[in-house]
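# A closer look at the structure
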Amino acid sequence: VNIMAENEMKSGAELLIDALQTNGLENMYGLVGIPVTDFARLAQLKGMKYFGFRREDAAVDAAAIAGYLTQKPGVALTVSAPGFLNGLTALAQATKNCFPLIMISGSSERHIIDLDQGDYEGLDQYNVAKPFCKKAYRVDRAEDMGLAVARAIRTAVSGRPGGVYLDLPADTIGQLVSPDAVQPAIYPLVDPDPAQLPSSNAITRAVDVIKGAKKPLLILGKGAAYAQAEKQLQALVQQTDLPFLPMSMAKGLIPDGEAHSAAAARSLALKEADVVILVGARLNWMLSHGAAPTFNADAKFVQLDICADEFDSNQPIAAPVQGDLISSLELILSGLQATNFKTDAAWLTELNIKKNANIEKMAKRVADAKVNDKLGYYGVLAPINEYFAAHPETYLVSEGANTLDIGRNMIDMKLPRHRLDTGTWGVMGIGLGYAIAAAVETGQPVVALEGDSAFGFDGMEMETICRYQLPVTVVVVNNGGIYNGTDRQVADQPGPTMLDAKAHYEKIAEAFGGDSYFVTTADEMERIFNQAMASGRPNLINVAIDPAMGKESGHIGNLNPKLALKK
Ligand code: ADP
Ligand code: MG
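Report follows, based on the coordinates. (Residues numbered from 1 in each chain as written. Chains lettered and ligands numbered in written order. Predicted model: local features only at pLDDT ≥ 70, side-chain atom pairs only at ≥ 80, totals over all residues. Heavy atoms only, no water.)

## Here we look at the overall build of the protein chain
A tally of regular secondary structure across the protein chain gives 22 helices and 19 strands. Whereas a compact globule of 567 residues would reach a radius of gyration of roughly 24 Å, the protein chain reaches 25 Å, a difference of no more than 12%. Expressed as lengths along the three principal axes of its C-alpha atoms, the size of the protein chain is roughly 80 × 65 × 50 Å. Counting over 567 residues, the protein chain shows a buried share of 54%. Counting only contacts in the protein chain whose residues sit at least 6 apart along the sequence, the fraction spanning at least 24 positions is 76%. (Helix = DSSP H or I, 4+ residues; strand = E, 2+ residues; numbered from the N terminus. Rg over C-alpha atoms; globule rule 2.2 N^0.38 Å. Buried < 20%, exposed > 50% of the residue type's maximum accessible area, 1.4 Å probe, protein only. Contact = heavy atoms within 4.5 Å.)

So this is what it looks like as structure tokens:
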């Protein structure tokens, strides 16, 4: 090779960055070390934004939620073996949640791994990753980088979205190739997520089932939020008067305050509905598997989903509609229009009576909480709800048991995809990673509403929030425990669920130059929360509530096996 040619040579790392940027992927969330440090440096030099985290799962969570918010795969970066394994939890989670993500991990040279010769952080990552993601790919030759990225993007976003693992052996990162040898050259994908139209039979069948309903109910899931189907859903409800129930991350697709929301009459709506129309929502544990007594045993199901093997996962589906939600909803809407279908007014009245009674009960609880001497969940959450009513563009991330459950009911969302939470696994430890990416991707302020236990999983990411000066306000609702802080079994040890109720979590922000607040009353909460939000700065508000507040496992205590506990 002459010197000219050598200067033009490109490394595998550079080709990977070119391919990501050519496809509009400009942000990367990661944690560097051997063998990907220079790769991240080069990404910054070439104009990508690289966000460095303190633990890989938080970085991969951030990339996953970036994918959910943008419909483009989020990009995450980890080092090999332990870094990869830390990230794997979040890769699996993103795949369960149907969030598009590409997790790139540096790895060892194949020959050392394949002969099990023992390498620094050596692990057969490519094969380990496979069961935890939609698909895994390994790039063994730098010249394949364009195709590798194309395959990763298309797999992540097309059909049911999910996580993709891209294994990047150290020798591919550094391998130099002449751009002429890169065949095909780096290129932008054409239509990475093609529309998938449902069959006309499926639409006719669904319209027929809905037409026959006396008590129809729409259930909106986070698949509908991901698909950005808000316009179609709003039109459907306007046109047909269908009452709707949003799953937690689907809140805001239609504003929570809208007249057709059945959220405040959830139990009645589920129990009584004779036709349930699932839009991007699975009949999994969160919907009691569609079974009685939560659901009417004779209910018929219409299910709209991109993924055909989701149908009949738990209940017989009378009208399966396979297709992308935008196309499916538009066709169902015009089908229903043609029949002049309207929801029975008596059903809406029945729901409204229940709804108004429950709304009154909630209002009384909130009013009581404001004057109660002991600060509890309602006293903490009321000012947050009021803030969101006035500032609907703000993003809310939430996790914890009681904090999550009570906040889901109390805090209304007006805009789609503005509530991000523990998702399909109901998992803790996603909060700060999601909050960081929400701030980065949208430029909007974010509230991360955390139980004290949930905050513990990724609290060190407060440093990340402060380092990038993100407008994230973390609220730790501290009752000193998992579920609550008073459950001691034996005298000489804290109980398994106990944490430190006197902890001053707010000092963590102070350590990194953020603003710290400690709150103990409902009045203070209102004043301090508004003050913190107005600053636009990284804030941590530690709210000490009564350690006796909080139910075991929040609203899902029924999932806990009960033992006869005695010595
Ligand atoms: P929730 O937890 O809110 O009930 P789930 O995650 O259980 O929602 O369900 C989301 C569903 O949406 C998944 O079954 C997924 O296949 C589906 N989905 C995701 N994106 C699309 C899309 N663009 N079109 C149709 N269905 C989609
Ligand atoms: Mg707690």
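That covers the picture; the talk isn't over yet.
## So, the coordination of the magnesium ion (ligand 2)
Reference geometry at the metal: tetrahedral coordination by four donors gives ideal angles of 109.5 degrees; octahedral coordination by six donors gives 90 or 180 degrees. Surrounding the magnesium ion (ligand 2) are the protein donor atoms D452 (OD), N479 (OD1) and G481 (O), which sit 2.1 to 2.2 Å from the metal. Spacing between the donor residues of the magnesium ion (ligand 2) along the chain follows D-x26-N-x1-G. Like N479, the residue G481 is buried in the burial classification. (Donors = N, O, S within 2.8 Å, 3.2 Å for Na, K, Ca; no water.)

## Comments concerning the sheet that holds strand β10 (residues 244-246)
One open sheet accounts for five strands, arranged β10-β9-β11-β12-β13; its pairing is parallel. Because the sheet does not close on itself, it has two edges, and the strands there are β10 and β13 (319-322). Averaged over all adjacent pairs, the angle separating strand axes in this sheet is 15°, with direction ignored. In the sheet, strand β12 (residues 300-305) pairs with β13 via four bridges, with the strands oriented parallel. In the sheet register, Q303 faces β13, and the bridge partner there is P320. (Pairing = 2+ DSSP bridges. Axes fitted to C-alpha atoms, helices over the stretch in contact; angles between N-to-C directions.)

## Section: the packing of helix α12 (residues 230-240) against helix α14 (residues 325-338)
Geometrically, a packed helix pair is captured by the angle between its two axes and the distance between the axes. Where α12 contacts α14, the axes come no closer than 10 Å and their chain directions differ by 15°. It follows that α12 is roughly parallel to α14 by the angle criterion. The interaxial crossing formed by α12 with α14 has left-handed handedness. Seen from α12, the contacting residues are Q232, L233, A235, L236, Q239 and T240; seen from α14, they are I326, L329, E330, L333, L336 and Q337. (Parallel < 35°, antiparallel > 145°, perpendicular 65-115°, else oblique. Left-handed = near helix turned anticlockwise from the far one by under 90°.)

## Brief notes about helix α22 (residues 522-535)
An ideal rise of 1.5 Å per residue puts 20 Å on 14 residues; α22 measures up with 20 Å between its terminal C-alpha atoms. Here α22 has its buried residues at A522, M525, I528, F529, A532 and M533. For α22, the angular spread of buried residues about the axis comes to 130°, placing them on one side. With respect to the buried face of α22, the exposed residues turned more than 90 degrees away are D523, R527 and A534. On its buried face, α22 sits against α15 (345-371), α16 (377-390), β16 (446-451), β17 (472-478), β18 (515-519) and β19 (539-544). Immediately beyond the C-terminal end of α22, within one or two residues, lies G536, with a positive phi of roughly 65°. (Expected span 1.5 Å × (residues − 1). Arc of directions from axis to C-beta.)

## Section: the environment of I104
Note that I104 resides in strand β5 (residues 101-107). Separated by 60 residues in sequence, I104 and V164 place their C-alpha atoms 8.5 Å apart. If we ignore the near neighbours within four places in the chain, the residues touching I104 are L16, L20, V75, A76, L77, T78, L166 and L168.

## Some words on a nonpolar patch on the surface
Taken together, the side chains of W285, I556 and L559 present a nonpolar region at the surface, about 270 Å² in accessible area. On the secondary structure map, W285 appears in the loop between β11 (275-279) and β12. On the basis of relative accessibility, which here comes to 32%, the residue W285 falls in the partly exposed class. (Patch = residues over 30% accessible without salt bridge, like charges linked within 9 Å, V, L, I, M, F, W, Y side chains within 5 Å. Areas by Shrake-Rupley, 256 points an atom, 1.4 Å probe, with all protein chains shown as cover. Salt bridge = Lys/Arg side-chain N within 4 Å of Asp/Glu carboxyl O.)

## A word on the sheet that holds β16
With parallel pairing, six strands are arranged side by side in an open sheet as β15-β14-β16-β17-β19-β18. Both outer strands of the open sheet, β15 (419-421) and β18, are each paired with one neighbouring strand and no more. Recorded for the sheet is a direction-independent mean angle of 15° between the axes of neighbouring strands. Sheet topology note: the strand β14 (residues 395-399)/β15 ladder contains three bridges and is parallel. Along β15, the bridge assignment pairs V397 with L420.

## Structural notes on the site of ligand 1
Taken together, 21 residues lie around ligand 1, and R160, K222, G280, R282 and D305 are the ones closest in. Contact distances for ligand 1 include 2.8 Å between an oxygen atom and a side-chain N or O atom of R160. K222 is positioned such that a nitrogen or oxygen atom in its backbone is 2.6 Å from an oxygen atom of ligand 1. Its free accessible area being 580 Å², ligand 1 has 97% of it covered by the protein chains. Ranked by residue count, the leading element in the shell around ligand 1 is helix α11 (residues 222-226), at three residues. For the shell around ligand 1, the per-class residue count stands at ten nonpolar, six polar and five charged. (Near = heavy atom within 4 Å. Polar contact = N/O pair within 3.5 Å; in protein donor to acceptor, adjacent residues only side chain to side chain. Nonpolar A, V, L, I, M, F, W, Y, C, P; charged D, E, K, R; others polar.)

## Section: the pairing of strand β6 (residues 135-138)
The sheet contact formed by β6 and strand β7 (residues 163-169) spans four bridges and is parallel. The residue of β7 that forms the bridge with K135 is V164. On the question of chirality, the crossover connecting β6 to the parallel β7 by way of helix α8 (residues 145-157) is right-handed. (Right-handed = clockwise from strand over helix to strand, strands pointing away.)

## Here's the deal with the nonpolar core
Counting residues in hydrophobic clusters, the biggest one holds 126 residues, and the most contacted among them are Y29, V279 and V474. Here this core gets ten residues from one element, more than from any other, and that element is helix α4 (residues 56-70). Setting aside chain neighbours within four positions, we find V279 in contact with L218, I219, L220, G221, A224, L233, L304, L325 and L329. V380, F388, V447 and V475 belong to the second largest nonpolar core, which has 31 residues in total. (Core = buried A, V, L, I, M, F, W, Y, C linked by side-chain atoms within 4.5 Å.)

## So, the pattern of salt bridges
By the definition in use, this model includes 24 salt bridges. Here D18 makes a salt bridge to K10, at a shortest N to O gap of 2.7 Å. K10 gets classed as partly exposed once you look at its relative accessible area, which sits at 24%. A salt bridge links R467 to E463; the shortest N-O distance between them is 2.9 Å.

## Some points on the pairing of β12
Where burial is concerned, most of β12 is hidden: five out of the six residues are buried. Taken together, the five bridges between β11 and β12 define a ladder with parallel strand orientation. Across the sheet, V279 pairs through a bridge with L304, a residue of β12.

## So, the state of the cysteines
Counting across every chain of the model gives zero disulfides. In this structure C98 is a free cysteine whose sulfur lies 7.7 Å from that of C307, the closest cysteine sulfur available. (Disulfide = S-S within 2.5 Å.)

## Some details on the packing of α4 against helix α18 (residues 431-442)
In contact at an axis separation of 8 Å, α4 and α18 are set at 45° when each is read in the N-to-C sense. Taken as axis vectors, α4 and α18 run oblique relative to one another. The handedness of the crossing between α4 and α18 comes out as right-handed. Across the interface between the two elements, A58, D61, A62, I65, A66, L69 and T70 from α4 touch G433, Y434, A437, A438, E441 and T442 from α18. The residue makeup of the contact of α4 with α18, split by class, is eight nonpolar, three polar and two charged.

The quantities given are spatial measurements derived from coordinates; they are silent on function.
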